[in-house]
Amino acid sequence: MSWHSISLRPVPFSPGTYVLRIGRWSLRFDARLIGHTLLLLAMALTVGILSLKSGARPFTFAEITEAIFIDAPRRLHLPIIEWRMPRVVLALLAGSSLGMAGAIFQSVSRNSLASPDILGFSTGAATGALFVILLGTGGYYERAGAALLGGGMTAAVTYMLAWKGGIQGVRLVLVGIGISSMLTSLNAWLVLKADLRLAIQAAVWQVGSLNTVNWRQVQHLGSALSVIVPCTFLLGRAMRQLEIGEDLARSQGLRSEYVRASLLASGIALTAATTAIVGPIAFVALSAPQLALRFLRLPGLRLAPSAAMGALLLVSGDWFAQHLFAPRLIPVGIVTICIGGAYLVWLLAGETRRKQS
């Protein structure tokens, strides 16, 4: 193939959008979207490196580089590679997974309050995983399967109760909040009735914590996301078509009900895979897509920047969880609840002002 068959041209009336042609193949991309997403990822990685550096025993950047890329002595390898790095990597993976799940639910429902934690899907996934944890049997894949079943059943009941000639965002959110409250009570009852040792483990897990992670858990979540994420990105274009309206999407040949069901399945799978490892971490899925939307100033939600923003939020929240009351560690879920609660108040106040104006 000659260089003459490769061309890069801007798209008319679409600033920042280009078409790359290689022979008979063409790829359309938004340079500004890619640039901002890479910036968010760079910020998340910077916070991750800060997390590796700081702690009871601080390390220099040279020591971190030596531990990662060179056969470092045990005094560097053990605390950096075995203790701190799994926590950072898992925070990045879990945050990106929750950010993508939030973007899916908010896009499908066309409501900025729709996220797996608000709609109750995270709580339903936690209920399924709790049964496996409290039985004291089964590993990650058993918990993930139970979480997927719990989240799927919760989604089915929520949509069935919210359906009234179609799905309205406000009705879906209200039904989801009600079901989430009932499931939260059920989860509390399950913990109270459990064996003391398992109940303590489940109570910490329910808040959402990265305090006891290891490379095996990173491997489990990475394996699950390596299957779910590519399937989700394949639906990204259809998700944007749904945002322009049901009738217009159908006129373009989109099977809207099939695409919506596929997107919901992907969102629930992302939530369940993450919840099975770190527990139901609240408000990351709610805030990441909206913050990415405001950061990029785009007309609609996008999966990649939402994932990058989710990674940044969770790794930053975990850094605060480690150092806010050092040397005592607190679960990252407590930090995200505090920050997310303030964000929710700000979001609701903004919606109220917009409706009054």
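For clarity, every value in this text was computed on a predicted model and none was experimentally measured. (Residues numbered from 1 in each chain as written. Predicted model: local features only at pLDDT ≥ 70, side-chain atom pairs only at ≥ 80, totals over all residues. Heavy atoms only, no water.)

Some thoughts on the packing of aromatic side chains
Each aromatic ring pair is summarised here by two numbers: the centre-to-centre distance and the angle between the ring planes. Overall, the coordinates contain three aromatic pairs when judged by the stated rule. Measuring from ring centre to ring centre gives 5.4 Å for tryptophan 319 and phenylalanine 320, while their planes differ by 80 degrees; the resulting arrangement is edge-to-face. (Phe/Tyr/Trp six-rings, centres within 6.5 Å; stacked < 30°, edge-to-face > 60°.)

A short note on helix H6 (residues 140-162)
Helix length check: H6, at 23 residues, gives a terminal C-alpha distance of 32 Å against a target of 33 Å (1.5 Å per residue), a fit within 8%. Taken as a whole, H6 has its buried residues at Tyr140, Arg143, Ala144, Ala146, Ala147, Gly150, Gly151, Thr154, Ala155, Thr158, Tyr159 and Ala162. (Helix = DSSP H or I, 4+ residues; strand = E, 2+ residues; numbered from the N terminus. Expected span 1.5 Å × (residues − 1). Buried < 20%, exposed > 50% of the residue type's maximum accessible area, 1.4 Å probe, protein only.)

Focus: the packing of helix H13 (residues 284-296) against helix H14 (residues 303-323)
Where H13 meets H14, the closest approach of the two axes is 8 Å, and the angle between their N-to-C directions is 120 degrees. When the interaxial angle is binned, H13 and H14 end up oblique. H14 is crossed by H13, and the crossing has right-handed handedness. Here H13 contributes Val284, Ser287, Ala288, Pro289, Leu291, Ala292, Phe295 and Leu296 to the contact with H14, which in turn contributes Pro305, Ser306, Met309, Gly310, Leu313 and Leu314. Looking at side-chain class alone, the contact of H13 with H14 contains 11 nonpolar, three polar and no charged residues. (Axes fitted to C-alpha atoms, helices over the stretch in contact; angles between N-to-C directions. Parallel < 35°, antiparallel > 145°, perpendicular 65-115°, else oblique. Left-handed = near helix turned anticlockwise from the far one by under 90°. Contact = heavy atoms within 4.5 Å. Nonpolar A, V, L, I, M, F, W, Y, C, P; charged D, E, K, R; others polar.)

Remarks on the nonpolar core
Formed by 83 residues in total, the largest nonpolar core has its most connected members in Leu90, Tyr140, Leu221 and Leu263. Once residues lying within four places of it in the same chain are set aside, the contact partners of leucine 221 are Leu90, Leu93, Ala94, Tyr140, Ala273, Thr274 and Ile277. Ranked by size, the runner-up nonpolar core spans 14 residues in total, among them Ala125, Ala147, Val191 and Ala199. (Core = buried A, V, L, I, M, F, W, Y, C linked by side-chain atoms within 4.5 Å.)

Quick look at the pattern of salt bridges
All told, the structure shown has two salt bridges when counted by the stated rule. For arginine 87, the salt bridge goes to aspartate 318, with nearest N and O atoms at 2.7 Å. Here the residue arginine 87 occupies a position in helix H3 (residues 74-109), and aspartate 318 occupies one in helix H14, the gap between them amounting to 231 residues. Taken individually, arginine 87 and aspartate 318 each receive the classification buried, so the pair is uniform in this respect. (Salt bridge = Lys/Arg side-chain N within 4 Å of Asp/Glu carboxyl O.)

Purely geometric numbers; function is a separate question.
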